[in-house]
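Descriptive structure summary
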Amino acid sequence: MESTGVLPDALLHSFITKTLRVTTNDTRMFVGELKCTDRDANLILARTHEYRLPKFKLEDAGRKVDLTSRYLGLVVVMGVDIRRIELEEFGGGGGSSVAVGGDGMEV
Amino acid sequence: MANNSGGFNDAFARLHVSEKPVEGPQTTTTTVSSPSSTSFRDVTQLFRQACQGLDVGQLVKDPNFTLFEAVGALEIMDPKMDSGLLKPGEDDTPSEIYQPVLPEEIIGIMDQLLSSEMSWHDGAALSQTVFTCLYIDNLLSLNPSRLEEAKFNLPPSETHQPGSPAYQLIHVVLRAYCVGLIKCCERVNLQILAEHTYEEEDFVTQTYNVSLLDFITAAEIHKLIVSAIEYVDSAAAPWPNNIKMALKARLAFRKLFLTELSRDVKEMVEKRSNWDGCITLLSTIGITRNLGTAVPSVFSIAVQRKLASTVPPRPIVQIPFEEAFTIVSRLCKDAKEILRVLTYSGATNLMTFFLRFTARKPQPSTYVRSLLQTLFFSNHIALGRMQIGHILLEDVKELCLPADDLFDPRNELSEMPSDTRFQIHQRMKWFVERAGNSYITLYRTICQNRSRLRRNLCHLIVDWDALQIECEEIDGELQQLIKEEPVLHNDNISYAFSLSSWVYHYKLRQMEWIIFLGFELEVYLPHEFAGMYWYLQYFLRTRLQHLERIRHFVHPGVASDSPLAATRSKECIASAQDVANAQATVNFTLLEAAALQELCSAMIFLYTALARLGLVKTPPQPYSTDAMRYELRMKPFLTIGCPDVVPFEDFKTLVDNPDIDTLEMLDMASENTKEGRKNFDLLSKMSATSSHALLCEEGYRLNLREYLRSCIGAGVAIVMLSKAIKMNTVADVEVEIDQGSYHPWFPVPRISSKKRPPLPAVPPTGR
């Protein structure tokens, strides 16, 4: 991580307590607050909701689709099972107004 | 986060530029679940690279998060933990629910649902039972808030044209049954949540955020079920009469069951309960059971995938119908039986009922034990219409009969702080409040499961011990206020100390229960039996002495011709009847305690003899000693002021009795069993009134018979053992401790010769 000029754990620390959306290899998504991670990118997420993509009515894509979600609480997702990790941002995702050190992001 | 450097902020900003949000198949869903002001940015690459910079075993974590908490996390993709995981090859699309055509199948589903419901009553979670039914899931999945919405949402089918009997079967008959059943679950859950029970231990109240038709009234559901019954009865339903009868019985049971579960205490006091109706209908359900055809395909574990659950998936639990039928029948009978407490007939009777009812094997269901707590005390009212203070003072009077002046209703009217009456009233008020709380807690505790009862009693005795000391002080003040005359007792001049005497008596009983429950719950190992019975015998002897003292002080009342009588209001003067009652109660309690003490003494000698002969062995205790175990057993009693815990060395000598010969010891044990038997026989001859068993005579007598069986069983063991010693055949003797066939508080060793088949247990004594 020399190229970015920051220590890797400092960068990871900035993700702690942030809300992540993690997509697993079976296409489910888990949205929760990052509590802990390690070298293998195993994640512990708190206050997690599970979202499942509907397998039918794909012709509706392009419109908003209601995902069925359910509350799971504290979960562990293994790094090997993770397809994608996304960070929740406020303000539409654009601009440089990302509050890196800010707290209080809610699910 | 505080130590993040400014350079890091820059880095993050740069990264942000390079890592544009990736447009993917998920974009359509991005804004669905989150507030519109937030979005997600793909950080997969960044995250993974950063992780690779960590050392093996290095963790990056929230400082407030402990690894201890992490133990409770659900592991996603682990089939044992992740209820949302699909099995290989399993499809996620909800499969179509099988729609039965035959009424037999509907009967089958109803009976399976009853099995599921009773599995829930028996301790499994809704996610393992009722919720696994696809019809229940279908009905609840749209979260109905009105009765019209509480219906099945099934795809049209050729065999189920609207209006056809097959269609009506599902959409009228099964729907009404399911709606009724869900509402029954809601009522049960509410009742159990209202009182103290142990979640996950007695019962699982978790509903996974699914509303159990909370907003639909029982009255509406009533009508729905009635119209379903009418349909089954009508000519439009083309089924034979026995099928109609089976369907109607199930629907009608659901209706009545729901009515009973929805009653409040007020209605129960007014005697409007009709559990008998439920019991009658249950018998019809039992008779028509064979008409049903099971449809296992309408139950599926896949439903758990949708439930908001913070616990790992759990397997489906569906007990066999016969078992479910027993549970529901027992529930109805027990729920009917506990209504007896509403016919109040004295505090001691009430206590006997609670003790006998909750000691029943198998224990009454969680629902019934919760309802019993509500009946006893809710909204500051006891038994639906009484003040708890009234019951408390009756309990005191029934045993100790304190001086009349304490209960003079005129005390309350006095408002002059210097007036004696006022001062007496203040102290009695204190007693009712302070002891009233402990008294209510005791009743509630008796309603808990047996292990919790034992555990909680260990805490309660500390409170009763403190209460005893506080009451002694109040008793001292009261004896001055009423100018009590001291009485000569055991060569000492003494006062009655009525209130603290009553408290002490209850405290001693609770201490006995703790050890007795240790036997019932099989806490003790056989080599500890002798010691634990010694303690029981010690507590019982203390209680006997205390009862003798109480008997001495039972207030004889004031002769009506004495000048004092004129100064009292009539209703507060203890009648000759009251005095006789209190004396009878004390005598009865003395006899009962004496009988128990004899049996305990016999057990001490018997088990000590067995230990001496090497027939009950101490297992190897590599990390423990007898002294340490003794300390552990005595832990609940260490803080109790009176009676004292005996030092271990003394205890050992007292139990082992090294000076007494084994044969002599067995002779003494034999004497004890004979005495005990005599006392229990006397108790059996007493009427329900004088035994204070008016509310539970059957259970009370059964309990006495079990004591007698233990007495007889111990007698037989003593004879066998003495014979073996005399004939020098101890080496051929085998001992097996029988926990099941005798009183649970008095397991009896079964002595048999290795050469001969063991003797059968003592047959039940005459009914």
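Residues numbered from 1 in each chain as written. Chains lettered and ligands numbered in written order. Predicted model: local features only at pLDDT ≥ 70, side-chain atom pairs only at ≥ 80, totals over all residues.

1. Remarks on the overall build of chain B
For clarity, the cut-off: What counts as a helix is a DSSP run of H or I of at least four residues, what counts as a strand is a run of E of at least two, and both are numbered from the N terminus. With C-beta atoms placed from the backbone, a residue is labelled by how many other C-beta atoms lie within 10 Å of its own: buried for 20 or more, exposed for 12 or fewer, partly exposed between the two. Any two residues are considered in contact once their C-beta atoms, placed from the backbone, lie within 7 Å.
Scanning chain B from N- to C-terminus turns up 24 helices and 9 strands. For chain B, the spread of C-alpha atoms along the three principal axes comes to 95 × 75 × 75 Å. The burial tally for chain B puts 40% of its 767 residues in the buried class. A separation of at least 24 residues holds for 77% of the contacts in chain B among residues at least 6 apart in sequence.

2. So, the overall build of chain A
Counting secondary structure elements, chain A contains 1 helix and 5 strands. For chain A, the succession of helices and strands along the chain, N to C, is α-β-β-β-β-β. The buried share of chain A, taken over its 107 residues, is 42%. The contacts in chain A between residues at least 6 apart in sequence include a share of 48% that link residues at least 24 apart.

3. Considering the nonpolar core
Let me state the cut-off plainly: Only buried Ala, Val, Leu, Ile, Met, Phe, Trp, Tyr and Cys residues enter a nonpolar core, and they are joined through C-beta atoms within 7 Å.
Core analysis: the largest hydrophobic core is formed by 181 residues, its most contacted members being B:V173, B:Y533, B:M603 and B:L606. Residues contacting B:Y533, with those up to four places away along its chain left out, are B:C600, B:M603, B:I604 and B:Y607.

4. As for the confidence of the model for chain B
When pLDDT is low, close inspection of the predicted coordinates is not appropriate. Residues and elements named next belong to chain B. Threshold: The predictor rates its confidence in each residue with pLDDT, a number between 0 and 100.
Of the residues in chain B, 90% reach a pLDDT of 70 or more, and the chain-wide mean stands at 89. Per-residue pLDDT stays below 50 along residues 1-36; that stretch engages in 53 contacts with residues further than four places along the chain or on separate chains. In this model residues 558-563 is a low-confidence stretch, pLDDT under 50, and it forms 6 contacts with partners more than four residues away in sequence or in other chains. Interface predicted TM-score (ipTM) for the complex: 0.79; the corresponding pTM is 0.86.

5. A look at helix α16 (residues 420-446) of chain B
Side chains three or four residues apart in an α-helix point the same way, a direct result of the helix having 3.6 residues per turn. Residues and elements named next belong to chain B. Using the following cut-off: To estimate how far a helix should reach, multiply one less than its number of residues by 1.5 Å. At any given residue, the bend is defined as the angle formed between two axes, one fitted to the seven residues that end at that position and one fitted to the seven that begin there.
Look at α16: 38 Å from first C-alpha to last across 27 residues, which is about the 39 Å you get at 1.5 Å a residue. Maximal helix bending in α16 amounts to about 30 degrees, located at G436. Considering only its buried residues, α16 is in contact with α12 (347-358), α14 (388-400), α15 (410-413), α17 (450-481) and α18 (498-520).

6. Considering the packing of helix α20 (residues 576-612) of chain B against helix α23 (residues 662-685) of chain B
All names here are of chain B. Applicable threshold: Inter-axis angles, ranging from 0 to 180 degrees, are taken between N-to-C directions of lines fitted to C-alpha atoms, where helices are fitted over the stretch in contact. If an angle is under 35 degrees, it is roughly parallel; if it is over 145, roughly antiparallel; if it lies from 65 to 115, roughly perpendicular; otherwise it is oblique. Should the near helix be turned counterclockwise from the far one by less than a right angle, the crossing is left-handed, whereas a clockwise turn marks it as right-handed. Under the scheme applied here, ten amino acids are nonpolar (Ala, Val, Leu, Ile, Met, Phe, Trp, Tyr, Cys and Pro), four are charged (Asp, Glu, Lys and Arg), and all others, including Gly, are polar.
Between α20 and α23, the least distance of the axes is 8 Å, while the angle of their chain directions is 155 degrees. In terms of orientation, α20 lies roughly antiparallel with respect to α23. The two elements α20 and α23 meet at a crossing, and its hand is left-handed. Partitioned by chemical class, the residues of the contact of α20 with α23 number 15 nonpolar, 7 polar and 4 charged.

7. Notes on unusual backbone geometry
Most peptide bonds take the trans configuration, and most residues that are not glycine carry a negative phi. For the bond from B:K361 to B:P362, the omega torsion is -10 degrees, close enough to zero to count as cis. Structurally, the position occupied by B:P362 is in the loop between α12 and α13 (366-376). Cis geometry is adopted by the peptide bond preceding B:P643, which originates at B:C642 and carries an omega value of -5 degrees. Along the chain, B:P643 falls in the loop between α21 (626-634) and α22 (648-656). Residues other than glycine seldom take positive phi values, yet A:T27 does so here, at roughly 70 degrees.

8. Section: the confidence of the model for chain A
Residue and element names in this part refer to chain A. With 64% of its residues at a pLDDT of 70 or more, chain A has an overall mean of 75. A low-confidence stretch, residues 57-61 (pLDDT under 50), is modelled with 2 contacts involving residues beyond four sequence positions or located in other chains. The low-confidence segment residues 92-107, where pLDDT is below 50, has 27 contacts with residues more than four positions distant or belonging to other chains.

9. Some thoughts on helix α24 (residues 697-726) of chain B
Along its 30 residues, α24(B) runs 43 Å from first to last C-alpha, staying within 8% of the 44 Å computed at 1.5 Å per residue. Count one or two residues on from α24(B) and you reach B:N728, which has phi positive near 60 degrees.

10. Thoughts on the pairing of strand β3 (residues 43-52) of chain A
Residue and element names in this part refer to chain A. Filter applied, for reference: Pairing between strands is defined by DSSP: at least two bridges between them are needed.
Within β3, 7 of the 10 residues are buried, which leaves the element mostly enclosed by the surrounding structure. The sheet contact formed by strand β2 (residues 29-38) and β3 spans 7 bridges and is antiparallel. The residue bridging L34 from the neighbouring strand is L45, located in β3. Where β2 folds back onto β3 in an antiparallel hairpin, the turn is made up of 4 residues, including A41, whose phi is positive at roughly 60 degrees. Strand direction decides the pairing type here: β3 and strand β4 (residues 68-77), joined by 8 bridges, are antiparallel. Opposite L43, over in β4, you have V77 as the bridge partner.

11. Here's the deal with the pairing of β2(A)
All names here are of chain A. Most of β2 sits inside the fold, with 9 of its 10 residues counted as buried. Pairing geometry for strand β1 (residues 19-24) and β2, over 5 bridges, is antiparallel. Residue T19 lies in a different strand from β2, and its bridge partner there is E33. Adjacent in sequence and paired antiparallel, β1 and β2 are bridged by 4 residues, among which T27 carries a positive phi angle near 70 degrees.

12. Notes on the environment of B:E230
Tracing the backbone shows B:E230 in helix α7 (residues 218-233). The spatial distance from the C-alpha of B:E230 to the C-alpha of B:V173 is 9.9 Å, given a sequence separation of 57 residues.

13. Section: the environment of B:L331
Residue and element names in this part refer to chain B. Mapping L331 onto the fold places it in helix α11 (residues 321-337). When the 25 C-beta atoms within 10 Å are taken as the criterion, L331 is described as buried. Measuring from C-alpha to C-alpha, the distance between L331 and E477 comes to 49 Å, with 146 residues separating the pair along the chain.

14. Brief notes about the packing of helix α4 (residues 103-121) of chain B against helix α8 (residues 241-261) of chain B
All names here are of chain B. At a minimum axis distance of 10 Å, the contact between α4 and α8 shows a crossing angle of 30 degrees. Our classification of the angle between α4 and α8 gives roughly parallel. Like other packed secondary-structure pairs, α4 and α8 cross with a definite hand, here left-handed. Taking contact as the criterion, the partners of P103, I106, I107 and M110 in α4 are, on α8, I243, A246, L247 and R250. Classifying every residue of the contact of α4 with α8 by side-chain character gives 7 nonpolar, no polar and 1 charged.

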